[in-house]
Every structure is written in structure tokens, then in C-alpha cells.
Amino acid sequence: MTLNTFLIAIALAFIFEGLIPALFPNKWQAYVRRLAAEPVSAIRSVGFTVVALGCLLLWSVT
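Since we're looking at a predicted model, the values are computed, not measured.

Student: Honestly, the overall build of the protein in this entry has me stumped. Any pointers?
Tutor: For the protein, the count of helices and strands is three helices and zero strands. The helix and strand sequence of the protein, counted from the amino end, reads α-α-α. Against the globule reference of 11 Å for 62 residues, the protein gives a C-alpha radius of gyration of 15 Å, more extended than a compact globule. The principal-axis extents of the C-alpha atoms in the protein amount to approximately 40 × 30 × 15 Å. Burial analysis of the protein (62 residues in total) assigns 0% to the buried set.

Next comes the structure, spelled out in C-alpha cells:
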């Protein structure tokens, strides 16, 4: 992987992460409030699951 490919991946992540709060700020704010009320263990579980899925996807395409 070249530095250029890495920077493209980071740029796409920024774009996708910014789309929802930019297009739907009120809904995004309500979602963040609900997320803040969740137990830390549930948030951690979701985080590890997303990381695992990302690793599997990355492994499958390389």
C-alpha cells in the first residue's frame, strides 16, 4: 500500500463520517445523545465488532 492509497482511504473515511452530521444535524445530535446513554460495555462491543468486520473486509479484498 502506498502513502497515496492510505491518504485516499483516510479522505474517504472523513467524507463518509461527515455526511450524516452535515445533512441531518438534528437527527445526528439526537443519536449522539442516545448513544451517550448506552452502557460503555455495549459501545465497546459494537466498536470491536465494527473493527472485526473491517478487518475481514480488508482481508477479503487484498
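Resuming the write-up.
Student: Teacher, can you tell me more about the layout of surface pockets here?
Tutor: To find leftover empty space, one rolls a probe the size of a water molecule over the atoms. Reported here for the largest pocket is a volume of approximately 160 Å³. Residue lining of the largest pocket: Ala9, Gly54, Leu57, Leu58 and Val61, and that is the complete set. For the lining of the largest pocket, the leading source of residues is helix α3 (residues 40–61), giving four residues. Of the residues belonging to the lining of the largest pocket, the class tally is four nonpolar, one polar and no charged.

Student: Hey, could you run me through the environment of Val50 in this one?
Tutor: With respect to the helices, strands and loops of the structure, Val50 is situated in helix α3. Sequence separation of Val50 and Val40 is ten residues, and the distance between their C-alpha atoms is 15 Å.

Calculation rules
- Residues numbered from 1 in each chain as written.
- Predicted model: local features only at pLDDT ≥ 70, side-chain atom pairs only at ≥ 80, totals over all residues.
- Heavy atoms only, no water.
- Helix = DSSP H or I, 4+ residues; strand = E, 2+ residues; numbered from the N terminus.
- Rg over C-alpha atoms; globule rule 2.2 N^0.38 Å.
- Buried < 20%, exposed > 50% of the residue type's maximum accessible area, 1.4 Å probe, protein only.
- 1 Å grid on protein atoms, 1.4 Å probe; cavity = no way out; pocket = protein on both sides within 12 Å on 5 of 7 lines; lining within 4 Å.
- Points joined across faces, edges and corners; volume = space filled by probe spheres on them.
- Nonpolar A, V, L, I, M, F, W, Y, C, P; charged D, E, K, R; others polar.

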